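A closer look at the structure
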Amino acid sequence: MAASDRTARPKAAFVYMVRCTGGQLYTGWTNDPAARLRAHRSGKGARYTRAHGAEGFAYLERCADRCAALRREAALKKLPKAQKTVVYGIAIAGGLGTYLLLGQLMGGGMGMPRFEAAQVGNLELVWLIPLALIGTVCGWLYFVSEHASEALAHTIGERPVVKAMLAGLALAICGTVLPYTMFAGETQADVLMETYLTIPAGVLIATGLVKAMLTPALINLGWRGGHFFPVIFSGVSLGYGLAILTGADPVFYVAVCTASTMGAVMRQPVMVVGLLLMCFPLKGIVCMIIAAVIAAGIPLPKPLRK
């Protein structure tokens, strides 16, 4: 055996937590995170994720080798769910904080939108619960599309070109009718902040709902990207549209719709509010918590559970 073979570095390993449909966290390790996530999503990864459904990685940590990953996996599995959720939140906040820092250093629209303080009066409080329920329905549409697109991807099989063409066609059709659905959302949220009054309320509401459905479809058909910014943008567009219809404070509507839409999708209300405080002032935290708790607390309809 050559000396280079004997001294070869061990293959890197990863410990991970997968977020399940109902908000549960499954911990494991792998040498290939992408392949392992595909296995979990297809029901072949583990009995637990086959029963509860796998949405995506909640946490991913690179370890030196298999032994280190196994030790780290064992340590994470001993943590209570509350502490695992804290690890999940720190991972997201750390990654998002790095993203925002790069945006400040490099410019070019990398940062999250920052909204002014909401004016909360009687009209806004009357609409709090209805808005939370509307945002919840928007989040459910995300899962409707996710299930349908997963079935379509499974039917197509290992034909990435066909999947990419279908995804591109869907994006082109939606973008022709609703142009804002073509983009990830972080920059477009800033644009809407200045221009939403020039757009019909129905177009804004349709944009939010279609964006929520388009995002998982594109991901399941092989397009790269995540759902975090698109889901935020769905809530922003939905909130602005509903604010135009009722004449209430737009920032309040945007905050509540975004919190409830994200709560319905992520199923972690405290984490949702913590992340949204990067976009909205602390003054609106109570209303955002109520909206996120309502959305996450309402069980998904059985057909939408994996």
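The model shown is predicted, which means the values in this text are computed figures rather than measured ones.

1. Digging into the packing of helix α11 (residues 250–266) against helix α13 (residues 285–297)
For the pair α11 and α13, interaxial distance at closest approach is 7 Å and the crossing angle is 30°. Taken together, the axes of α11 and α13 are roughly parallel relative to one another. As α11 runs across α13, the sense of the crossing is right-handed. Residues F252, A255, V256, A259, S260, G263 and A264 of α11 pack against C287, M288, A291, A292, A295 and A296 of α13. For the contact of α11 with α13, the class distribution of residues is eleven nonpolar, two polar and no charged.

2. Quick notes on the environment of R66
Within the secondary structure layout, R66 lies in helix α4 (residues 66–77). In this structure R66 comes out as partly exposed when scored by relative accessible area, which is 47%. Sequence separation between R66 and T30 is 36 residues; the distance between their C-alpha atoms is 8.2 Å. If near-sequence neighbours (up to four positions away) are discounted, R66 is found in contact with K11, A13 and W29.

3. Here's the deal with the state of the cysteines
Defined simply, a disulfide is a covalent bond joining two cysteines at their sulfur atoms. Counted under the stated rule, the structure contains zero disulfides. No disulfide involves C138; its sulfur sits 8.3 Å from that of C257, the nearest cysteine. You can call C138 buried: its relative accessible area is 0%.

4. Some details on helix α6 (residues 122–156)
The end-to-end C-alpha distance of α6, which contains 35 residues, comes to 52 Å, matching closely the 51 Å that a straight helix rising 1.5 Å per residue would cover. Where α6 bends most, the angle comes to about 45°, and this point is L128, followed within four residues by the proline P130. One or two steps after α6, the chain reaches G157, where phi turns positive at roughly 75°.

5. Let's talk about the nonpolar core
One finds F115, V236, Y240, F252, M262, L276 and F280 to be the most contacted residues of the largest nonpolar core, which totals 50 residues. Of all the elements in the fold, those that place two or more residues in this core are α6, α8 (186–195), α9 (201–220), α10 (228–246), α11, α12 (269–276) and α13. No other element matches the eleven residues that α11 contributes to this core.

6. Quick notes on the confidence of the model for the chain
On average, residues of the chain carry a pLDDT of 84, and 85% of them reach 70 or more. Across residues 1–6 the pLDDT falls below 50, and counting only partners more than four positions away or on other chains, this stretch makes one contact in the model.

7. With respect to the pairing of strand β1 (residues 13–20)
Burial analysis of β1 places eight of its eight residues in the buried class, which makes it a mostly covered element. Because side chains alternate across β1, one face comprises the buried residues A13, V15, M17 and R19, and the other comprises F14, Y16, V18 and C20, equally buried. With eight bridges joining them, β1 and strand β3 (residues 54–63) adopt antiparallel strand pairing. Note on β3: the bridge partner recorded for V15 is E61. Bridging between β1 and strand β2 (residues 25–30) involves six bridges; their strand directions are antiparallel. Residue pairing in the sheet places M17 in a bridge with T27 of β2.

8. Observations regarding the packing of aromatic side chains
Geometrically, a pair of aromatic rings is defined through the distance of the ring centres and the angle of the planes. Following the criterion strictly, the structure yields nine aromatic pairs and no others. Ring centres of F228 and F229 lie 5.5 Å apart, and the angle between their planes is 70°; this geometry places the pair in the edge-to-face category. Given a relative accessible area of 14%, F229 falls into the buried group.

9. Topic: the sheet that holds β3
Strand pairing within a sheet occurs via backbone hydrogen bonds; the two strands may be parallel or antiparallel. Read from one edge of the open sheet, three strands run β2-β1-β3, paired in antiparallel fashion. Edge strands, defined here as strands with exactly one partner in the open sheet, are β2 and β3. Adjacent strand axes in the sheet meet at a mean angle of 25°, parallel and antiparallel pairs treated alike.

10. Structural notes on the side chain of T258
Locating T258 in the fold gives a position in helix α11. Within the structure, the side chain of T258 is placed 2.6 Å from the backbone oxygen of V254, a separation counted as a polar contact. If sequence neighbours within four positions are ignored, T258 has contacts with I232, G235, V236, L276 and F280.

11. Notes on the pattern of salt bridges
Overall, the coordinates contain two salt bridges when judged by the stated rule. The salt bridge involving E61 is made with R72; its shortest N-O contact spans 2.8 Å. Placement of E61 in strand β3 and of R72 in helix α4 is noted, with a sequence separation of eleven residues between them. By relative accessible area, E61 is classed as partly exposed at 22%. Assessed through its relative accessible area of 30%, R72 is described here as partly exposed. One salt bridge in this structure joins K77 and E73, with 3.0 Å as the shortest N-O distance. With a gap of four residues between them, K77 and E73 both fall in helix α4, about one helical turn apart.

Cut-off values and rules
Residues numbered from 1 in each chain as written. Predicted model: local features only at pLDDT ≥ 70, side-chain atom pairs only at ≥ 80, totals over all residues. Heavy atoms only, no water. Axes fitted to C-alpha atoms, helices over the stretch in contact; angles between N-to-C directions. Helix = DSSP H or I, 4+ residues; strand = E, 2+ residues; numbered from the N terminus. Parallel < 35°, antiparallel > 145°, perpendicular 65-115°, else oblique. Left-handed = near helix turned anticlockwise from the far one by under 90°. Contact = heavy atoms within 4.5 Å. Nonpolar A, V, L, I, M, F, W, Y, C, P; charged D, E, K, R; others polar. Buried < 20%, exposed > 50% of the residue type's maximum accessible area, 1.4 Å probe, protein only. Disulfide = S-S within 2.5 Å. Expected span 1.5 Å × (residues − 1). Bend = angle between axes of the 7 residues up to and from the residue. Core = buried A, V, L, I, M, F, W, Y, C linked by side-chain atoms within 4.5 Å. pLDDT = per-residue confidence, 0-100. Pairing = 2+ DSSP bridges. Phe/Tyr/Trp six-rings, centres within 6.5 Å; stacked < 30°, edge-to-face > 60°. Polar contact = N/O pair within 3.5 Å; in protein donor to acceptor, adjacent residues only side chain to side chain. Salt bridge = Lys/Arg side-chain N within 4 Å of Asp/Glu carboxyl O.

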